[in-house]
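Spelled out from the first residue to the last, the chains are:
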Amino acid sequence: MMKKTLYLFIFLCCSPLFSQKADLTSAIIALDNKNDLQSAKKWIDVATNKIESGSVLKPKILSKYYHYRGLIYLKSFQEVNDSTLSSFDFLDIASESFLKDVSLESNFIKKSITQLNVCAYLYQDGAYKDYEKHAYSDALNKFTKAIMINSSEGIQKTDTFNMYNAALMAYQAEDYQESLVWSKKLILANSKDERFHLRLIRAYGEIGELDLQLEAIKFARLQIPNSKDIIFEEVNYYLATGNNTLLLKSLDEAVSSDSENPILHLVLGNTYNQLGDFGKAKYSFEQAISLNPSYFDAYNNLASIYLDQTIDLIEKKNALGYRETTKFEDYKKQINALYSQALPHLESCLELDSTNLAIISVLKEIYYKLGDSKKSLEMKKREDVIKE
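Predicted model, so just to flag it, every value in this text is computed and none were measured.

Engineer: Is there a simple way to explain the pattern of salt bridges in this structure?
Structural biologist: A pair can form between side chains of opposite charge whenever their charged atoms are brought close. According to the stated counting rule, one finds 17 salt bridges in the structure shown. Between Asp-45 and Lys-41 there is a salt bridge; the shortest N-O distance is 3.1 Å. Placement of the pair is Asp-45 and Lys-41 together in helix H3 (residues 37–52), with a separation of four residues, close to one helical turn. Looking at Asp-45, the relative accessible area reads 22%, which means it is partly exposed. With a closest N to O distance of 2.8 Å, Lys-142 and Asp-130 form a salt bridge.

See below:
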């Protein structure tokens, strides 16, 4: 009988199941009782090699193995964390192990879920560090892993926070297709957040998909009709594609949304000017100036309304025969009237930017043509001083 017992003991010691159990037990003792992380990692790696070679553990023991493998590698990561790729290999193994334990739905499931939350946080923290170093692709990879953990069976969280970060990192890394993927997922999760729409619109713009960009803009406008930033994106789209009619409609809506914004009035004025509606252009520029009396571009563009109208008149005047004096004087009178209307706005430009050579040169010519030789000479002297 004693001999049979001895044979049974030898059989158990030599069997793969007993051997792996012993390796796992050694790893647990080293970690929990001795706080010997190096030995714990050695024994858990021995057990891992045997499992990968085909050995099989009972589900209960397998769960314990995955949970403790996760703990050992998580602690290893936390001890050596220097934000290098190699140190994150430890965190990869830890999170993979906890995820496998959760899938077994064993006694350790709650503990492994708790540790998975820690892993997700550590990936997120590592991603922020990568971002600060402008390592956008690495940051994207870590944010993606945090999302994967948070969306796993045990946690089941729609992690829009890190999804947005992933979309942003992909955009920064110029991986616009990946940015599109995350932006679409974000909009599916919450179509009322303008940030998600903006990411999608801008990614389409970068890859030159103008039809899809417009489609994204229109959908965004439907979802968030009063979003100033989305209206701006629509304005920029029509400016880029040269569609002034739809641009005007978009701008009118933009102005209604943010009537105190001088830039919007300026852009609206520019559009009206391009369409030849000088009255509305003038009104828009004046609105911009009333909102910002120091707005150089608004004064300059207002002056341009009048100066641009002189071009055709000057060409007609110069094409006259020497006997057509009446027409000549009529054209000259119209031209000078336009110069006089442009003059105060150009003078305002000069007050705002006293060394602007383009403005000084135009003023010099206008003063001369209006017969104010004294002021024309002053502009010439100022021009010479600046050029020296």
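There's plenty left to go through after this.
Engineer: Explain the nonpolar core here, please?
Structural biologist: A general feature of soluble globular proteins is that nonpolar side chains tend to end up buried together. Within the largest apolar cluster, 72 residues are counted, with the highest numbers of intra-cluster contacts made by Trp-182, Val-235, Leu-251, Leu-346, Ile-359 and Leu-363. Not counting residues up to four positions away in its chain, the partners in contact with Leu-346 are Ala-303, Leu-307, Ile-359, Val-362, Leu-363 and Ile-366. Grouped together as the second largest cluster of nonpolar side chains are 36 residues, Ala-27, Leu-71, Ile-72 and Tyr-73 included.

Engineer: What exactly am I supposed to notice about the side chain of Thr-271 here?
Structural biologist: Mapped onto the fold, Thr-271 is located in helix H14 (residues 262–274). When residues no more than four places from it in sequence are discounted, the contact partners of Thr-271 are Asn-244, Leu-247, Leu-248 and Leu-251.

Engineer: Would you mind going over unusual backbone geometry with me for this structure?
Structural biologist: Backbone geometry follows two general trends: most residues other than glycine have a negative phi, and most peptide bonds adopt the trans configuration. Of note, Asn-35 is a non-glycine position whose phi angle comes to about 55 degrees, a positive value. For Asn-35, the position within the fold is in the loop between helix H2 (16–32) and H3. In this model, Gln-156 sits at a positive phi of 55 degrees, which is unusual for a non-glycine residue. Looking at the element boundaries, Gln-156 is found in the loop between helix H7 (136–150) and helix H8 (160–172).

Engineer: Explain helix H11 (residues 210–223) to me, please; I cannot follow it from the model alone.
Structural biologist: Between its first and last C-alpha, H11 extends 20 Å over 14 residues, near the 20 Å set by a 1.5 Å rise per residue. Buried residues in H11 make contact with helix H10 (194–207), helix H12 (228–241) and helix H13 (244–257).

Engineer: Please explain the side chain of Ser-183 as it appears in this structure.
Structural biologist: Within the element layout of this structure, Ser-183 appears in helix H9 (residues 176–189). Reaching out from Ser-183, the side chain makes a polar contact with the backbone oxygen of Ser-179 at a distance of 2.7 Å.

Engineer: Is there a simple way to think about the environment of Glu-153 in this case?
Structural biologist: In this structure, Glu-153 sits in the loop between H7 and H8. On the basis of relative accessible area, Glu-153 is assigned to the partly exposed category, the value being 48%. Between the C-alpha atoms of Glu-153 and Lys-110, which are 43 residues apart in sequence, the distance is 12 Å. Not counting residues within four places of it along the chain, the set of residues in contact with Glu-153 comprises Ser-103 and Glu-105.

Engineer: Could you clarify how one ought to interpret helix H15 (residues 278–291) in this entry?
Structural biologist: For an α-helix the count is 3.6 residues per turn, leaving residues at separations of three or four pointing the same way. For H15, with 14 residues, the first-to-last C-alpha span of 20 Å sits near the 20 Å given by 1.5 Å per residue. Ala-281, Ser-284, Phe-285, Ala-288 and Ile-289 are the residues of H15 that are buried. Seen along its axis, H15 keeps its buried residues to an arc of 140 degrees; they face one direction. Within H15, the exposed residues directed more than 90 degrees away from the buried face are Gly-279, Tyr-283 and Ser-290.

Conventions used here
- Residues numbered from 1 in each chain as written.
- Predicted model: local features only at pLDDT ≥ 70, side-chain atom pairs only at ≥ 80, totals over all residues.
- Heavy atoms only, no water.
- Salt bridge = Lys/Arg side-chain N within 4 Å of Asp/Glu carboxyl O.
- Helix = DSSP H or I, 4+ residues; strand = E, 2+ residues; numbered from the N terminus.
- Buried < 20%, exposed > 50% of the residue type's maximum accessible area, 1.4 Å probe, protein only.
- Core = buried A, V, L, I, M, F, W, Y, C linked by side-chain atoms within 4.5 Å.
- Contact = heavy atoms within 4.5 Å.
- Expected span 1.5 Å × (residues − 1).
- Polar contact = N/O pair within 3.5 Å; in protein donor to acceptor, adjacent residues only side chain to side chain.
- Arc of directions from axis to C-beta.

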